[in-house]
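A look at the structure
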Amino acid sequence: MIKEDALSAAGAMLLETRHLRKGYRMGWRKKSHRRVLRDVHMTLQPGESIGVTGDSGAGKTTLGLILTGILPPDGGEIRFRGENLPALPAATRRHMYREIQIVFQHPESSFNPRWSMQRSLAEPFQLMGITPEREKLIAMTAEVALDSAILERRPHQLSGGELQRAAIARAMAMKPAVVVLDEPTGMLDSLTQARIMRLLDLIRKRTGTSFILISHDQALVASFCSRGYQLHDGQLVPEVLDYAVSA
């Protein structure tokens, strides 16, 4: 396994967290406080795929939402390309977060049920003031092995596997440097799960994108990632991935 200090010394870090903390106020009067993330340290190099495992409720999804800027941390640093994202001006922070995308366990959450898939896939470009041509959207669907006919459909007209492929295409639209995969196959059958993971592996090899795979499935993490962490008691503990479990 690669040592944390060796990675830091290499000076090629893409994403790094230092002393990351997050808690929630609990109860209807919000008086009690639960610390979910206590002192999280994590490193990610360009082109690397790492895994985060842990029990249900350990805070894995919370970590993913913080890394992608959806939730703010209570404290600590998130360094992306050497910049501490939480400390940046809002406009600069939003611009940099375009390079850090997320794919959710429930792909339908990524799409407006009233919109056609064409409108949904065009939205990331429109947020940047760009109107993509239809040929661009057709190319996006082809890259995730979807027929362009899905562009005319609405989310409820797609299967779970098709929706997840569309969610991956949407996440990759801005050519991100990092993609967080939050239980990306959790709602899929085993055959579709294998196909989605093969697709992600092809994307990784083709684009050099770094991935953070959040999953309770240690075998899945071992088959996809080069390094792993376990989230336990609010902290990330480096763990050796046992490739035998994926055999």
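Preceding this paragraph is the structure being described.
Our subject in this report is the structure included herewith. Note that the structure is a prediction, hence the values are computed from the model and not measured. (Residues numbered from 1 in each chain as written. Predicted model: local features only at pLDDT ≥ 70, side-chain atom pairs only at ≥ 80, totals over all residues. Heavy atoms only, no water.)

**A word on the overall build of the protein**
Each helix and strand in the protein was counted, giving eight helices and 10 strands. For the protein, the C-alpha radius of gyration of 18 Å lies close to 18 Å, the compact-globule estimate for 247 residues. For the C-alpha atoms alone, the extent of the protein along its principal axes is close to 45 × 45 × 40 Å. Burial analysis of the protein (247 residues in total) assigns 47% to the buried set. Relative to all contacts within the protein whose residues are 6 or more apart in sequence, the contacts with residues 24 or more apart total 68%. On the protein, roughly 12,500 Å² of surface is accessible, and the fraction owed to carbon and sulfur atoms is 50%. For the protein, the centre of its 32 positive side-chain charges and the centre of its 26 negative side-chain charges are spaced 7 Å apart. (Helix = DSSP H or I, 4+ residues; strand = E, 2+ residues; numbered from the N terminus. Rg over C-alpha atoms; globule rule 2.2 N^0.38 Å. Buried < 20%, exposed > 50% of the residue type's maximum accessible area, 1.4 Å probe, protein only. Contact = heavy atoms within 4.5 Å. Areas by Shrake-Rupley, 256 points an atom, 1.4 Å probe, with all protein chains shown as cover. Lys, Arg positive; Asp, Glu negative; His and termini not counted. Charge placed at Lys NZ, Arg CZ, Asp CG, Glu CD.)

**What about the environment of I168?**
Within the secondary structure layout, I168 lies in helix 6 (residues 160-172). By relative accessible area, I168 is classed as buried at 2%. Residues I168 and M96, spaced 72 residues apart in sequence, show a C-alpha to C-alpha distance of 19 Å.

**A look at the nonpolar core**
Counting 38 residues, the largest nonpolar core has I168, L181, L200, L213 and F224 as the members making the most contacts within it. Those elements that place two or more of their residues in this core are helix 4 (117-126), helix 5 (134-143), helix 6, strand 7 (178-182), helix 7 (190-207), strand 8 (210-214) and helix 8 (218-224). Ranked by residues supplied to this core, first place goes to helix 6 with seven residues. Filtering out sequence-adjacent residues up to four positions away, L200 remains in contact with I168, L181, F211 and F224. Membership of the second largest hydrophobic core comes to 31 residues, among which are M42, I50, L67 and I78. (Core = buried A, V, L, I, M, F, W, Y, C linked by side-chain atoms within 4.5 Å.)

**A short note on the environment of D242**
Within the fold, D242 resides in the segment after strand 10 (235-239). Taking C-alpha positions, D242 is 26 Å from R206, a pair spaced 36 residues apart along the chain.

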